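# Working through the structure, step by step
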Amino acid sequence: QVQLVESGGGSVQAGGSLRLSCTASGRTFSRNIMGWFRQAPGKEREFVAGITWSGGSTSYADSVKGRFTISRDNAKNTVYLQMNNLKPEDTAVYYCAARGSLWLSPSAYEYDYWGQGTQVTVSS
């Protein structure tokens, strides 16, 4: 089992920045693919970013490329999502997820563990 706890959400104006953190406990964190997803009201959960266990490979949704950066610190069992130049359409609940695999995936169905989510609200 892996337990994930997100933090760092909040309310910002368009153009602002936030950094989300996700701290893991339980099974070995460093061997997991980690991902960030988001879900806006009335919409399906969508992939935002993913990172391999070494941090050497990352993947981003087209909508956040150039604005968001995913990173991880295995010594702290923590993955981060730095979000810059936020837009109102980034408003959603953001979820951290872990996948016991070597391969990145944008599919929520392929992630085994999920955090409780943290709200991000961007006003215009």
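The structure contained in this document is the topic of the report that follows. This is a predicted model, so every value here is computed, not measured.

Looking now at the state of the cysteines. In this structure the tally under the stated criterion is 1 disulfide. Disulfide partner of Cys22: Cys96, at an S-S distance of 2.1 Å. For the disulfide bridge between Cys22 and Cys96, the dihedral angle about the S-S bond is near -75 degrees, and by the sign convention the bridge is left-handed. In this pair, Cys22 is assigned in strand β3 (residues 18–26) and Cys96 in strand β9 (residues 92–99), connecting sequence segments 74 residues apart. Take Cys22: its relative accessible area is 0%, and that puts it in the buried class.

On the surface, a nonpolar cluster with roughly 380 Å² of combined accessible area is contributed by Trp53, Leu102 and Trp103. Inspection of the secondary structure assignment puts Trp103 in the loop between β9 and β10 (113–114).

Note: strand β1 (residues 2–7) against β3, 6 bridges, orientation antiparallel. Following the sheet pairing, Leu4 is matched in β3 by Ala24. For β3 and strand β8 (residues 78–83), the ladder comprises 6 bridges, and the chain directions are antiparallel. Paired with Leu20 across the two strands is Leu81, which belongs to β8.

Right, let's get into the nonpolar core. In terms of nonpolar packing, the biggest core is built from 28 residues, with Leu4, Trp36, Leu81, Met83 and Tyr94 touching the most fellow members. Of all the secondary structure elements, the ones that give two or more residues to this core are β1, β3, β4 (33–39), β5 (46–51), β7 (68–73), β8, β9 and β11 (118–123). By size, the runner-up hydrophobic cluster in this structure holds 5 residues, among which are Ile33, Phe37, Ala97 and Tyr111.

Positive phi, normally seen in glycine, also occurs at Asn77, with a value near 55 degrees. Relative to the helices and strands, Asn77 resides in the loop between β7 and β8. For Asn85, which is not a glycine, the phi torsion comes out positive at approximately 50 degrees. Examined against the element boundaries, Asn85 turns out to sit in the loop between β8 and β9.

Each value, and the rule that gives it
Residues numbered from 1 in each chain as written. Predicted model: local features only at pLDDT ≥ 70, side-chain atom pairs only at ≥ 80, totals over all residues. Heavy atoms only, no water. Disulfide = S-S within 2.5 Å. Helix = DSSP H or I, 4+ residues; strand = E, 2+ residues; numbered from the N terminus. Buried < 20%, exposed > 50% of the residue type's maximum accessible area, 1.4 Å probe, protein only. Patch = residues over 30% accessible without salt bridge, like charges linked within 9 Å, V, L, I, M, F, W, Y side chains within 5 Å. Areas by Shrake-Rupley, 256 points an atom, 1.4 Å probe, with all protein chains shown as cover. Salt bridge = Lys/Arg side-chain N within 4 Å of Asp/Glu carboxyl O. Pairing = 2+ DSSP bridges. Core = buried A, V, L, I, M, F, W, Y, C linked by side-chain atoms within 4.5 Å.

Note that every value here comes from positions in space, so none of it alone points to a role or purpose.
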